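The primary structure of each chain is shown beneath.
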Amino acid sequence: MWVYEKKLQYPVRVSKCDPRMAKFLTEQYGGADGELSAALRYLNQRYTIPDKVIGLLTDIGTEEFAHLEMIATMIYKLTKDATPEQLIAVGLGPHYANHDHALYYENAGGVPWTAAYIQAKGDPLADLYEDIAAEEKARATYQWLIDMTDDVDLQDSLKFLREREIVHSLRFKEAVEIIKADRDTKKVF
Amino acid sequence: MSNNQLREWYPFVGPFDPCPPQIVKTYVVPPNQFIPYQPMNLPQFPLNQALKLGTLWPALYSPYESKCPPRG
């Protein structure tokens, strides 16, 4: 079970009216390497991974939901007051036709999220290397998002999220080292 | 970005390219690539700074600046 804290992991402030950026940010909401994919990938893989690293997948998977909430807050703030005309002007007309101002799990191109984005191979190395790759892809996505906005407040929150991907990637690399270690073997030197 | 995490490479520039060439391309190699397993007792950021930067560990910190020109 989870305990919910009614606050964001890191403050989200948006200081520029820029609904176009909301469309780009959607990549991290419902994209292949987005936070939803990350959270569901880790929290599902943890059942069939050696028990030494289950806790890591639980912790990081949970944090990804906190990141998802931050991305959702950014998208909501950027679109909540936009008129249909403004949404059409930035390419969100099809989104408005289908969803009004609601958020939806889709990528920046409007493709709906699919479970095919994530894998659970059952092999600990295969799963952990997918997780490492996912973190590096998410880091890259954050870099391209930071590149596309001149809103320093939005950049600030995105830089925090990017740094978390780097830390998570290292933690998964450490999990690989734990998996590789032959701990039950008696070593005689 | 002035830090040693940035790498450069120089893509081929053809004589008939339609757009002005990008002479230098860059990518970031964050510090996690050089740490297989984090050692114990590394130096730590002060807590308020750690909360802002997203990591407690200077050894894991990776700065990134926007390529978008600043406003104004």
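Calculation rules
Residues numbered from 1 in each chain as written. Chains lettered and ligands numbered in written order. Predicted model: local features only at pLDDT ≥ 70, side-chain atom pairs only at ≥ 80, totals over all residues. Heavy atoms only, no water. Helix = DSSP H or I, 4+ residues; strand = E, 2+ residues; numbered from the N terminus. Contact = heavy atoms within 4.5 Å. Buried area = accessible area lost by both parts, 1.4 Å probe. Salt bridge = Lys/Arg side-chain N within 4 Å of Asp/Glu carboxyl O. Polar contact = N/O pair within 3.5 Å; in protein donor to acceptor, adjacent residues only side chain to side chain. Core = buried A, V, L, I, M, F, W, Y, C linked by side-chain atoms within 4.5 Å. Buried < 20%, exposed > 50% of the residue type's maximum accessible area, 1.4 Å probe, protein only. Axes fitted to C-alpha atoms, helices over the stretch in contact; angles between N-to-C directions. Parallel < 35°, antiparallel > 145°, perpendicular 65-115°, else oblique. UniProt positions renumbered as here; feature names shortened; annotations may be inferred. Expected span 1.5 Å × (residues − 1). Arc of directions from axis to C-beta.

A.B. asks: It is not clear to me how the side chain of Glu136 of chain A should be interpreted in this structure. Could you clarify?
C.D. replies: Following the sequence through the fold, Glu136 of chain A ends up in helix H6 (residues 124–147). Those residues in contact with Glu136 of chain A, other than ones at most four positions away along the chain, are Ser169 of chain A together with Pro30, Asn32 and Gln33 of chain B.

A.B. asks: Would you mind showing me how to read the interface of chain A and chain B here?
C.D. replies: Where interface size is quoted, it is often the accessible area lost as the parts come together. Contacts between the two partners involve 30 residues from chain A and, on the opposite side, 26 residues from chain B. For the pairing of chain A and chain B, the buried interface totals around 2200 Å² over both sides, and the portion due to carbon and sulfur atoms is 47%. Seen at the junction of chain A and chain B, the total is two salt bridges. Lys159 of chain A is the salt-bridge partner of Glu65 of chain B, the closest N and O atoms lying 3.0 Å from each other. At the junction of chain A and chain B, the tally comes to 20 residue pairs in polar contact (both at pLDDT 80 or more).

A.B. asks: Quick question: what am I supposed to make of the nonpolar core here?
C.D. replies: The tendency in soluble globular proteins is for nonpolar side chains to be buried as a group. All names here are of chain A. Core analysis: the largest hydrophobic core is formed by 23 residues, its most contacted members being Leu25, Ile71, Met74, Leu154, Leu158 and Leu161. For this core, the elements supplying multiple residues, two or more each, are helix H1 (19–30), helix H3 (54–79), H6 and helix H7 (152–180). When residues in this core are grouped by element, the largest group, seven residues, is from H3. The contact partners of Leu158, leaving out residues within four places of it in the chain, are Leu25, Met74, Tyr142, Leu145 and Ile146. Of all hydrophobic cores here, the second largest spans 13 residues; its members include Ala38, Ile49, Leu57 and Ala175.

A.B. asks: When you look at the packing of H1 of chain A against H6 of chain A in this model, what are you seeing that I'm missing?
C.D. replies: Helices that pack against each other are described as a pair by the angle of their axes relative to one another and the distance between those axes. All names here are of chain A. Two elements in contact, H1 and H6, have axes whose closest approach is 10 Å; the angle formed by their N-to-C orientations is 170°. The angle between the axes of H1 and H6 places the two elements in the roughly antiparallel class. Residues Met21, Phe24, Leu25, Glu27 and Gln28 of H1 pack against Ala138, Thr141, Tyr142 and Leu145 of H6.

A.B. asks: I would appreciate a short explanation of the UniProt feature "binding site: Mn(2+)" (unreviewed entry) in chain A in the present structure.
C.D. replies: Residue and element names in this part refer to chain A. Under the local residue numbering, the UniProt record ascribes the feature "binding site: Mn(2+)" (unreviewed entry) to Glu35, Glu64, His67, Glu135 and His168. Separation in sequence by 134 residues is not matched in space for these annotated residues, since their most distant C-alpha atoms are only 12.7 Å apart. With respect to the helices and strands, the residue Glu35 is situated in helix H2 (residues 35–45). Here Glu35 is in contact with Gln28, Tyr29, Glu64, His67, Leu68, Ile71, Tyr142 and Glu165, once residues within four sequence places are set aside. Tracing the backbone shows Glu64 in helix H3. Once residues lying within four places of it in the same chain are set aside, the contact partners of Glu64 are Glu35, Ala38, Ala39, Tyr42, Glu135, Glu165 and His168.

A.B. asks: Mind showing me how you'd approach H1 of chain A here?
C.D. replies: Residue pairs three or four apart in sequence face the same way in an α-helix, which turns once every 3.6 residues. Residue and element names in this part refer to chain A. Helix length check: H1, at 12 residues, gives a terminal C-alpha distance of 17 Å against a target of 16 Å (1.5 Å per residue), a fit within 8%. Inspection of H1 places Pro19, Met21, Ala22, Leu25, Thr26, Gln28, Tyr29 and Gly30 among the buried residues, and these make up the whole buried set. The arc that holds the buried residues of H1, viewed along the axis, is 160°, so those residues lie on one side. If you follow the buried residues of H1, they end up packed against H2, H3, helix H4 (84–89), H6 and H7.

A.B. asks: Honestly, the UniProt feature "binding site: Ca(2+)" (unreviewed entry) in chain A in this entry has me stumped. Any pointers?
C.D. replies: When the UniProt feature table is mapped to this numbering, "binding site: Ca(2+)" (unreviewed entry) covers Asp59 of chain A. Considering the arrangement of structural elements, one finds Asp59 of chain A in helix H3.

A.B. asks: Just checking my understanding: could you explain the pattern of salt bridges for this structure?
C.D. replies: Opposite charge on two side chains lets them pair, provided their charged atoms get close. Residues and elements named next belong to chain A. With the rule as written, the count across this model stands at 11 salt bridges over all chains. The residue Asp33 makes a salt bridge to Lys137 at a minimum N-O spacing of 3.4 Å. Here the residue Asp33 occupies a position in the loop between H1 and H2, and Lys137 occupies one in helix H6, the gap between them amounting to 104 residues. Exposure remark for Lys137: the relative accessible area of 43% places this residue in the partly exposed category. Across the pair Lys80 and Asp81 runs a salt bridge whose closest N-O atoms are separated by 3.0 Å. Classification of Lys80 as partly exposed rests on a relative accessible area of 36%.

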